[in-house]
Amino acid sequence: MTGPAQSGEDLYAGLDERQRHELDRRCDYHPPVDLATAEAHAAWRKTIKGAMAEAMRSLPSGRETSMVLTSLDDALMYGNAAIARPPMSGGRRPGH
């Protein structure tokens, strides 16, 4: 199966402006725009790393502990995405 990116077709073909914006918001690289953003990423990584260390120390080896660590991997990724990506238009206010 070949998608638009592989076949040279317009990646945005058939998408309205809102969908194009959302595709870019989700998939484009969003470098830290300032020191505060870079520090927010570092703080989030430190928080999740602490939770992972505690899980490794205190939980017995097994499938459930592996799932905890995988869930924390997900939390790290989604938290960093939340910090890096521009907000969704019409999205909720921070702190909810």
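Above: the structure in question.
All values derive from a computational prediction rather than experimental measurement.

Draft legend 1. Seen up close, the overall build of the protein chain. The number of helices and strands found in the protein chain is four helices and zero strands. Taken from the N to the C terminus, the helices and strands of the protein chain come in the order α-α-α-α. Counting over 96 residues, the protein chain shows a buried share of 14%. Considering only contacts within the protein chain whose residues lie at least 6 apart along the sequence, 55% involve residues at least 24 apart.

Draft legend 2. Expanded view of helix α3 (residues 35–58). Over its 24 residues, α3 runs 35 Å from end to end, which matches the ideal 34 Å to within 8%, given 1.5 Å per residue. Of the residues making up α3, those classed as buried are Thr37, His41, Ile48, Met52 and Ala55. Check the buried side of α3 and you find it contacts α4 (63–84).

Draft legend 3. Just the packing of α3 against α4, in detail. Interhelical geometry of α3 versus α4 gives an angle of 175° and a closest axis separation of 10 Å. Between α3 and α4, the angle is such that the two are roughly antiparallel. Packed against α3, whose contacting residues are Thr37, Ala40, His41, Trp44, Arg45, Ile48, Ala51, Met52, Ala55 and Met56, the element α4 presents Thr65, Val68, Leu69, Leu72, Asp73, Ala75, Leu76, Gly79, Asn80, Ile83 and Ala84 at the interface. Within the contact of α3 with α4, the residues separate by chemical class into 14 nonpolar, five polar and two charged.

Calculation criteria
- Residues numbered from 1 in each chain as written.
- Predicted model: local features only at pLDDT ≥ 70, side-chain atom pairs only at ≥ 80, totals over all residues.
- Heavy atoms only, no water.
- Helix = DSSP H or I, 4+ residues; strand = E, 2+ residues; numbered from the N terminus.
- Buried < 20%, exposed > 50% of the residue type's maximum accessible area, 1.4 Å probe, protein only.
- Contact = heavy atoms within 4.5 Å.
- Expected span 1.5 Å × (residues − 1).
- Axes fitted to C-alpha atoms, helices over the stretch in contact; angles between N-to-C directions.
- Parallel < 35°, antiparallel > 145°, perpendicular 65-115°, else oblique.
- Nonpolar A, V, L, I, M, F, W, Y, C, P; charged D, E, K, R; others polar.

Note that all results are geometric; they support no functional claim without further evidence.
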